[in-house]
Each structure stands twice: as structure tokens, then as C-alpha cells.
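What the coordinates show
Residues per chain are reported as follows:
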Amino acid sequence: MENKPLNRRTFLTYMGTGAAALAAATSGLGILSETAHAETDNLLRVKPKKKGFEFQPIDATTKDELVLPKGFKYDVVAAYGDVINRKGDTFGYNNDFTLYFSINNSTERGLLWVNHEYTNPLYVEGEKGNGKYTPAQIEKLLYNQGGSIIEVYYDKKENKWKMDASSMYARRVTGLTPFTLTGPAKGTTAVNGAISVQGTFANCSGGKTLWNTVLSCEENFEDTAQNAGLDQTHYGWVIEVDPFDSNFAVRKHTALGRFNHENASMGIAKDRRVVVYMGDDKKDACVYKFVSKDKYVPASGKANSRLLEEGTLYVADFKKGKWIAMTIEAVQKAAAGKPELLAKFQTQGDVVTNCHEAAILLGGTPTDRPEDVEISPFDNTIFIAHTNNDKHGNLHGHITRFIEKNDDLGATEFEYEIFAAGGRQSGFSAPDNLTFDSNANLWTVTDISSSSLNKDAWTSFGNNGMFVIPTIGSDKGIAWQFASAPAEAELTGPCFTPDESTLFLSIQHPGEETKDTNNPTSTWPHRKGEKMPRPAVVAITGFKF
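Residues numbered from 1 in each chain as written. Predicted model: local features only at pLDDT ≥ 70, side-chain atom pairs only at ≥ 80, totals over all residues. Heavy atoms only, no water.

1. Considerations on the overall build of the chain
The number of helices and strands found in the chain is 7 helices and 32 strands. Relative to its length of 545 residues, the chain is compact, with a C-alpha radius of gyration of 22 Å against a globular reference of 24 Å. Structurally, the chain occupies a C-alpha span of about 65 × 60 × 50 Å along its principal axes. In the chain, which comprises 545 residues, the proportion classed as buried is 61%. Sequence separation of 24 or more characterises 62% of the internal contacts of the chain that already satisfy a separation of 6 or more. When the accessible area of the chain is evaluated, it comes to approximately 20,500 Å², of which 48% is carbon and sulfur surface. (Helix = DSSP H or I, 4+ residues; strand = E, 2+ residues; numbered from the N terminus. Rg over C-alpha atoms; globule rule 2.2 N^0.38 Å. Buried < 20%, exposed > 50% of the residue type's maximum accessible area, 1.4 Å probe, protein only. Contact = heavy atoms within 4.5 Å. Areas by Shrake-Rupley, 256 points an atom, 1.4 Å probe, with all protein chains shown as cover.)

As C-alpha cells, then:
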């Protein structure tokens, strides 16, 4: 790789080739070759070949706008309330994770899965009356969470990305949609005997399976479940959806554990078992991985979904560098002499349903809000965004890198290091979602809480942003700001098209601190004739190769 001098005002990044296509598939990268090249002075073992794009990093800003480097632009593809299909379904609220699926291998037309995490009563269901929601309010609360499947395309005449509301695929998966349960908790007392449940909500981040379906993750589900009068044990799972096939039964995979899931990143072990890495987004929570019992068979297509029904769930012990198997036998052994715990953990269904408690009992390491966990498509190392934890004095968070023993995702031992730390010295605070480009640059968005933006310890960071962090060369670990969010918004769910000419990005909760709709703290996306801030998905273009 050619090295060029870098500074805070100019940055040339190279987007290249050289990773296994199988690993690349789950990260959304589509222009990688199958040939890896050794490069001993690099963090990763890939020698980029494709010259990439140039951009001039931006400075922190407090503008009520999505600010991008010179030469880049964004198109609002879908915003809250937009009609997405002929049935009249509408785009949900507070969009988060996005995932692009090509139609006929096109990089200019495809389906976009979009998570919807939570609502704002000021704009969606309205305030409670006498401390309760009406049935109509509950329906709005549940409908506007879950996920949207929309069809998007690039209009060459108008030079912009649009949504096709006549799509045969477009549909909603919501808090009202029936789901089946799979795995060890299905039908057990742990979930009060349920084999099917109502809906999905609190959908934060997710991942793509090796068989081209969506994994979407239920995070902070507690309030919605309580407000809707639903059984809380039915939420906090990883769901699976096929965006192309409405006949594919949407399902919740209980073998992957129940907790405040951020995302699910899928890879493959050396013996071809499927591995899924997951973070539990709360303070003093753990990092997990699931390893399937059986092996991945590409020819089986979507039938491989059964691999997520049986296997071993592990929790990370950072101190010992070991993955601890979360089996009922291990949990009962750890609970010996504690009658209340022994009564609580009778089956594997109990273990996965009460995952956090079991993990701590077994010696899992409590960490600083592990959010996005992503597998590098270049060398199988694992990057984890620890957003922050003020209980530990870790106000700005950090990104951790796991190195599995023998580079095998199925290993039970690992080493780890701090790859990058948030703070004034790096220019970013509270790393959240992660993704890679094809030159092994790590992209991260930030999640400083709206109430903390631009004051106290966060004064110097401006609005939330998006940063590019090289993982190779002399500037690895240095963050370069690529985007700044509108007022009080959070940028989430970055996802490239396979040719990396377009980056889809969610703008979530602009104007979140608004108390009076007549005086909103943000009016983004600045639609003519209205003041309402609307969460939306944008398509960013301007990447010149």
C-alpha cells in the first residue's frame, strides 16, 4: 500500500480488494477478491489494491443538518410516516440498522431492511391518560417499531436515490406481527409456555446471515412491553426475517439468548460451524457468542436457519481470555448452595431467558455497554464498540479488538486489546455501530446522549457524528470525521452497497429534546411547510474511485 502523509484536514483512504468472499458477504462488502496477501506491518493481513476515494475530514459542528465533506451529498430515501407500498403501510419511527439486499445483483436497485427502535409520544402515540395508553395508542406504539422492508433505486435522470412505493416486496414487520419461537426456550415455563409470540419491537442493530436473511435485535424492550401489557419474556431476542419472501416464517431464535441485544454479527468457524457475536447494551453487561452444533451447508440455502436453533452460547471472560459455555450444567454447578438460583435455573430454556444473570454467575466480565460487535472480513478479528460507562469513569468509551486463538471463530480462548479510545485526543465519544470498507477501514458512528450533547465533558465533540478509522498503516487507530448529525440526532446503521458507491445511513431521533411541537429543537429533514423533525434513512453518494 502506498503511504501518503495524513493530517486533520486532508485524508486519502484506499478501498481495496483481498478478503474471503464468504466473510465479506455478511459485512456487506461486494468488491473483494478471494486472494489474501500478507503484509506484516499491517494490523490486517490484506494488501489493498483498489485505489479508493478522497475526502476532506470535517470539523465538529452543532448545525441542524447532516453535514458531509465537500463533494458528497445525501438523498432522503424514506422518513417517518412515508407510504412504502400499495397497501398503504408507512415507514416506522426512529430508524436504526439498515441492510441492503441487491435485486438481480444490482447496485442501483435493491431492498433495504430498516430497524425501528422506539417511538416518541410527542409525535407518534400521544401522551398517556391517567397513566395508561388506550388500545388505539398501543397499536400506534407497536406498529411504529419493528422493521420496514422498502425497495430503493437510483434514478439516473434525477441523479438521486428514491423509494419505490409500488414494490411487490415492501412490507412492515411490527410489534403486531406473529412470530414463532425456536430453540431451547420454546414452549418452556421460562417463556410461560409460548411457542409463538406477538410482535417485535425495540429493534436496534442486527446483521446478515450467510444465507441472505436479516437478523434484527431487540434491545430496550422493557417499557414497550409493559405499556402494551405484553409478556416481557417474549422480547429481548434475535429475530430472523427474509426480506424477499413473506412466506418465510419470521422467528425468534432463543438459543442466542435473551438480553438487551445491540447486534448480531455472523461468521463461520474453521470447521464450518456458524458463529454469531453479540453485545448486551447496558452498563456492566457482557459480550457473547453462539456456535452452532451443526455445520453450514451453502447448498441448503435458507434451510441453514435451523443452525441457529441448537448450539452453545458462550460469554466472554476478559481476565482469563476464555469463552465460558453457558450450559444448564455449568449454571447449576455455579449456583450450588443457593436455593433461589437453583430453583430459577432448571433447564437450558431458563439459562437463555435469564441470560445476563446466568452470565455473571458463570464469571462473564461486566463491561462498558458493549454495543456493536463486528467480525473483520479480512482476518476474523472481532471489533467491539464499548460505548461508555459513567459508573467506571469511562465517559467516552472505546473500541476493543478480540483475537481468537488460531484465528478460529469457533475457538474457546482469545486475547484482546484496546484498538481506539474515545476522548478529546481522538475527536470522538461514545462509539456505537461499526462497519468496514473494503480497504479495512473501520467506520463508526457515535451515540452521545441528546441530553449531554455540547456541554460538560462532551462540549468539544459537537453533534454526534460518523468517523473513519484506518486499521492499517501508520495512521491506524486515528479517527477522521466524515459526517455530523442534525441537532440531537444519532447516526446509525451505516451500510454500503456492494460496489461501495453509496452509503445508506439512518438519522435517528433528530430534535429528541423537543418539549413543544411549536418550538422543535430540530426541523430536519427540513421538509417544506412543516416543522416536525422526522427520523429518516439517507443515501450518501460522491464516492469517486
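Having seen the structure, we can now continue with the description.
2. Things to note about the pattern of salt bridges
Evaluated as defined, the whole model comprises 25 salt bridges. Arg-534 serves as the salt-bridge partner of Glu-530, at 2.7 Å between the closest nitrogen and oxygen. You can call Glu-530 partly exposed: its relative accessible area is 28%. Here the salt bridges share partners, and the residues they tie into one network are Asp-281, Arg-369, Glu-371 and Asp-447. (Salt bridge = Lys/Arg side-chain N within 4 Å of Asp/Glu carboxyl O.)

3. As for the packing of aromatic side chains
Under the criterion given, the structure shown has 29 aromatic pairs. Ring centres of Trp-443 and Phe-482 lie 5.2 Å apart, and the angle between their planes is 70°; this geometry places the pair in the edge-to-face category. Taken together, the positions of Trp-443 in strand β27 (residues 442-446) and Phe-482 in strand β29 (residues 480-484) put the pair 39 residues apart, joining distant regions of the chain. Here the basic side chain of Lys-128 rests over the ring of Tyr-133, its NZ or CZ set 5.4 Å away from the ring centre. Lying across the ring of Tyr-143, Arg-172 places its NZ or CZ 4.8 Å from the centre. (Phe/Tyr/Trp six-rings, centres within 6.5 Å; stacked < 30°, edge-to-face > 60°. Lys NZ or Arg CZ within 6 Å of the ring centre and 35° of its normal.)

4. Comments concerning the environment of Lys-63
Along the chain, Lys-63 falls in the loop between β2 (54-55) and β3 (73-79). Each C-alpha atom, one on Lys-63 and one on Asn-463, is 7.8 Å from the other, the two residues being 400 residues apart in sequence. When neighbours within four sequence positions are excluded, Lys-63 is seen to be in contact with Asn-463, Ala-485, Pro-486 and Ala-487.

5. As for the sheet that holds strand β10 (residues 196-198)
The 6 strands lie next to each other as β10-β9-β14-β13-β12-β11, forming an open sheet whose pairing is mixed. Edge strands, defined here as strands with exactly one partner in the open sheet, are β10 and β11 (203-208). Looking at each pair of strands side by side, their axes are set apart by 35° on average, direction ignored. Taken together, the 3 bridges between strand β9 (residues 178-182) and strand β14 (residues 251-253) define a ladder with parallel strand orientation. Paired with Leu-181 across the two strands is Lys-252, which belongs to β14. (Pairing = 2+ DSSP bridges. Axes fitted to C-alpha atoms, helices over the stretch in contact; angles between N-to-C directions.)

6. Observations regarding the nonpolar core
The biggest cluster of nonpolar side chains holds 69 residues, and the ones touching the most others in it are Met-278, Tyr-288 and Met-326. In this structure, Trp-480, Ala-485, Leu-503 and Phe-543 belong to the second largest nonpolar core, which totals 25 residues. (Core = buried A, V, L, I, M, F, W, Y, C linked by side-chain atoms within 4.5 Å.)

7. Here's the deal with the state of the cysteines
For the structure on display, the rule yields 0 disulfides. Free of any disulfide, Cys-217 has its nearest cysteine sulfur in Cys-204, 8.0 Å distant. Take Cys-217: its relative accessible area is 0%, and that puts it in the buried class. Unpaired in terms of disulfides, Cys-286 finds its nearest cysteine sulfur in Cys-355, a separation of 8.3 Å. (Disulfide = S-S within 2.5 Å.)

8. Quick look at the sheet that holds strand β25 (residues 414-421)
Strand-to-strand pairing in sheets goes through backbone hydrogen bonds, with the strands running parallel or antiparallel. Overall, antiparallel pairing links the 4 strands, which are arranged β22-β23-β24-β25 in an open sheet. Strand pairing shows two members of the sheet lacking a second neighbour, β22 (370-375) and β25, which therefore form its edges. Strand-to-strand, the axes of this sheet are offset by a mean angle of 25°, without reference to chain direction.

9. A word on the side chain of Thr-446
By secondary structure assignment, the location of Thr-446 is in strand β27. Thr-446 sits in the buried class, given a relative accessible area of 2%. Of note is the side chain of Thr-446, whose polar atom sits 3.2 Å from the side chain of Asn-464. Within the local environment of Thr-446, its side chain forms a polar contact with the backbone nitrogen of Gly-465, the two atoms lying 2.9 Å apart. (Polar contact = N/O pair within 3.5 Å; in protein donor to acceptor, adjacent residues only side chain to side chain.)

10. Topic: unusual backbone geometry
Residue Pro-525 follows Trp-524 across a cis peptide bond; omega there is 10°. Here Pro-525 lies in the loop between β31 (502-508) and β32 (536-541). The backbone phi angle of His-526 is positive, close to 60°, even though this residue is not glycine. Position of His-526 relative to the elements: it lies in the loop between β31 and β32. Here His-526 falls in the partly exposed class, since its relative accessible area comes to 36%.

11. Observations regarding the pairing of strand β28 (residues 465-469)
Among the 5 residues of β28, 5 are classified as buried, and the element is accordingly described as predominantly covered. Burial along β28 is two-sided: the face carrying Gly-465, Phe-467 and Ile-469 and the face carrying Met-466 and Val-468 are both buried. Judged from the 4 bridges that link them, β28 and β29 form a sheet pairing that is antiparallel. Looking at the pairing, Val-468 lines up with Trp-480 of β29.

12. Considering helix α7 (residues 355-362)
Inspection of α7 places Cys-355, Ala-358, Ala-359 and Leu-362 among the buried residues, and these make up the whole buried set. On an axial view of α7, the arc spanned by its buried residues comes to 100°, and they lie on one face. Considering only its buried residues, α7 is in contact with β18 (287-295), β19 (311-317), β20 (322-325), α4 (328-334) and α6 (348-353). Following α7 by one or two positions, Gly-363 has its phi on the positive side, about 105°. (Arc of directions from axis to C-beta.)

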